[in-house]
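Residue strings, one per chain:
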Amino acid sequence: MRRIVVLTGAGISQESGLQTFRGADGLWNNEHIEHICTPQGFRRDPLRVDRFYNDLRARLPAAQPNAAHLALAAVEQAARSGRWQGQLTIVTQNIDDLHERAGSQDVIHMHGELLRLRCTRCGMTPVWRTDCYPDTPCPACHAPTLRPDIVWFGEMPYHMDIIEKRLAECDLFVAIGTSGVVYPAAGFVDSVAAHADTMLFNLEAPSGPAPFDQTILGPATHTVPAWTRDLLEG
Ligand code: BJW
């Protein structure tokens, strides 16, 4: 039985109309990372950070899953129905919900989710589809101590125990649409190199030597469905 771990990054959602982080048209061209994506930035100016994520949250419903999200969901569906002998786990760095809306169920959000908040007082992580401000009360404990449920720099990514287990068990590791500069995700390929084949699907070649067995360049909506077709047929 094949065991595949797919690591996705912002590039897989780019053709759904969501901006990537880095690069010419990136989200961070207009923002200083340290003002938004750190716990210190949130402490210094929570309103600015809440507004940044309110804006992303408001734009999310207009984005639809694309052919790459759907192709990955189809593999999981084929496994569930017994048409394909294998397991495909998606570990996503993305905070959008496009994998779920495409129909994937085995999705691990290592950097959190835009549609959740976290109460720093009671720990509740309510689903949240509207705006949040520094005085918004937690629905459970009523304290104004909510923050985006997103992993910022210097914080521990979520679900690392289950991610490490799936990486240790996999025989194929596939990265899609990620620049490979943010750890620990950037180190996954090295951690599996001794026991798994590795593939990178990206729009452009990485700047340094790629630590992958195979690199497939092009838009994810073309390259990923072509790969999953071969996978399901082969
Ligand atoms: C397409 C495409 C198309 C476009 N088709 N492709 C020094 C050395 C090593 C590590 C560190 C260091 N100093 C600090 C660290 C640690 C730090 C880190 O890695 N920093 C680096 C920047 C140096 N990491 C952390 O702090 C993490 N925590 C941590 O390490 O805890 C300790 C620990 C110890 C032991 C075990 C485990 C943990 C936390 C990282 C949190 C990252 N959070 C963010 C923000 C959340 C979302 C938000 O605010 O909006 O997550 S940062 C941001 O980058 C976001 C993303 O998930 C993440 C990765 O970005 P991604 O997805 O790769 O996007 P891009 O834009 O960079 O790339 C897109 C790619 O797609 C490009 O290559 C395009 O070509 C391609 N593309 N269109 C195919 N159509």
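Parameters at a glance
Residues numbered from 1 in each chain as written. Predicted model: local features only at pLDDT ≥ 70, side-chain atom pairs only at ≥ 80, totals over all residues. Heavy atoms only, no water. Helix = DSSP H or I, 4+ residues; strand = E, 2+ residues; numbered from the N terminus. Rg over C-alpha atoms; globule rule 2.2 N^0.38 Å. Buried < 20%, exposed > 50% of the residue type's maximum accessible area, 1.4 Å probe, protein only. Contact = heavy atoms within 4.5 Å. Areas by Shrake-Rupley, 256 points an atom, 1.4 Å probe, with all protein chains shown as cover. Lys, Arg positive; Asp, Glu negative; His and termini not counted. Charge placed at Lys NZ, Arg CZ, Asp CG, Glu CD. Domains from an automatic or database assignment. Buried area = accessible area lost by both parts, 1.4 Å probe. Salt bridge = Lys/Arg side-chain N within 4 Å of Asp/Glu carboxyl O. Polar contact = N/O pair within 3.5 Å; in protein donor to acceptor, adjacent residues only side chain to side chain. Near = heavy atom within 4 Å. Nonpolar A, V, L, I, M, F, W, Y, C, P; charged D, E, K, R; others polar. Expected span 1.5 Å × (residues − 1). Axes fitted to C-alpha atoms, helices over the stretch in contact; angles between N-to-C directions. Parallel < 35°, antiparallel > 145°, perpendicular 65-115°, else oblique. Left-handed = near helix turned anticlockwise from the far one by under 90°. Phe/Tyr/Trp six-rings, centres within 6.5 Å; stacked < 30°, edge-to-face > 60°.

Concerning the overall build of the protein
Stage number 1. Secondary structure assignment for the protein yields nine helices and eight strands.
Stage number 2. For the protein, the C-alpha radius of gyration of 18 Å lies close to 17 Å, the compact-globule estimate for 234 residues.
Stage number 3. Here the C-alpha coordinates of the protein stretch approximately 55 × 40 × 35 Å along the principal axes.
Stage number 4. Within the protein, the fraction of its 234 residues that count as buried is 49%.
Stage number 5. Restricting to contacts in the protein with at least 6 residues of sequence separation, those with at least 24 account for 65%.
Stage number 6. Roughly 11,400 Å² of accessible area belongs to the protein as shown, and the carbon and sulfur atoms make up 52% of that amount.
Stage number 7. Averaging the positions of the 20 positive and the 27 negative side-chain charges in the protein gives two centres separated by 5 Å.

Side note on the domain arrangement of the protein
Stage number 1. Under the domain assignment used here, the protein contains domain 1 (1-18 + 65-111 + 157-234) and domain 2 (19-62 + 113-150).
Stage number 2. Of note, the centres of domain 1 and domain 2, computed from C-alpha atoms alone, are 25 Å apart.
Stage number 3. Interface area, domain 1 with domain 2, both sides summed: about 1,200 Å², of which 61% is carbon and sulfur.
Stage number 4. Summed over the three residues of domain 1 that lose the most area to domain 2, namely Leu-18, Ile-95 and Tyr-158, the buried surface amounts to 44% of that side.
Stage number 5. Connecting domain 1 to domain 2 are zero salt bridges.
Stage number 6. At the surface where domain 1 touches domain 2, the tally comes to four residue pairs in polar contact (both at pLDDT 80 or more).

Comments concerning the site of the ligand
Stage number 1. Residues in contact with the ligand amount to 35 residues; listed here are only the nearest, Arg-22, Tyr-53, Thr-178, Ser-179 and Tyr-183.
Stage number 2. In this structure, His-111 approaches the ligand through a side-chain N or O atom, which is 2.8 Å from an oxygen atom.
Stage number 3. Between an oxygen atom of the ligand and a main-chain N or O atom of Gly-154, the distance comes to 2.7 Å.
Stage number 4. Classifying every residue of the shell around the ligand gives 19 nonpolar, twelve polar and four charged.
Stage number 5. Here the shell around the ligand gathers at least three residues from each of two domains, domain 1 (1-18 + 65-111 + 157-234) and domain 2 (19-62 + 113-150).

Points about helix α4 (residues 46-59)
Stage number 1. In this model α4 runs 20 Å from its N-terminal to its C-terminal C-alpha over 14 residues, within 8% of the 20 Å that 1.5 Å per residue would give.
Stage number 2. Taken together, the buried positions of α4 are Val-49, Asp-50, Phe-52, Tyr-53, Asn-54, Leu-56 and Arg-57.
Stage number 3. Among the structural elements, α2 (33-36), α3 (39-44), β4 (112-119) and β5 (146-150) are those in contact with the buried residues of α4.

As for the packing of helix α5 (residues 67-80) against helix α9 (residues 220-233)
Stage number 1. The contact between α5 and α9 brings their axes to 7 Å, and the two run at 20°. In terms of their interaxial angle, α5 and α9 are classed as roughly parallel. For the element pair α5 and α9, the recorded crossing hand is left-handed. Contacts from Ala-67, Ala-68, Ala-71, Leu-72, Val-75 and Ala-78 in α5 reach Ala-220, Thr-221, Val-224, Pro-225, Trp-227, Thr-228, Leu-231 and Leu-232 in α9.
Stage number 2. Of the residues in the contact of α5 with α9, the class split is twelve nonpolar, two polar and no charged.

Some points on the packing of aromatic side chains
Stage number 1. Inspection of the entire model under this criterion finds five aromatic pairs.
Stage number 2. With a centroid separation of 5.4 Å and an interplanar angle of 40°, the aromatic rings of Phe-42 and Trp-152 are classed as tilted. With Phe-42 in helix α3 and Trp-152 in the loop between β5 and α7 (160-169), the pair connects residues that are 110 residues apart, well separated along the chain.
Stage number 3. Residue Phe-42 is classed as buried on the basis of its relative accessible area, which comes to 15%.

Looking at the side chain of Arg-166
Stage number 1. Structurally, the position occupied by Arg-166 is in helix α7.
Stage number 2. Residue classification places Arg-166 among the buried residues on the basis of a relative accessible area of 17%.
Stage number 3. In contact with Arg-166, not counting residues within four places along its chain, are Val-5, Gln-87, Thr-89 and Asp-106.

Description of the pattern of salt bridges
Stage number 1. Tallying each qualifying case throughout the model produces nine salt bridges.
Stage number 2. Taking the shortest distance from any N to any O, the salt bridge between Arg-166 and Asp-106 comes out at 3.0 Å. Of this pair, Arg-166 sits in helix α7 while Asp-106 sits in the loop between α6 (98-102) and β3 (107-109), and the two are 60 residues apart along the sequence.
Stage number 3. One salt bridge in this structure joins Arg-118 and Asp-149, with 3.2 Å as the shortest N-O distance. Highlighted residues: Arg-118 in strand β4 and Asp-149 in strand β5, separated in sequence by 31 residues.
Stage number 4. Residue class for Arg-118 comes out partly exposed when judged on its relative accessible area of 22%.

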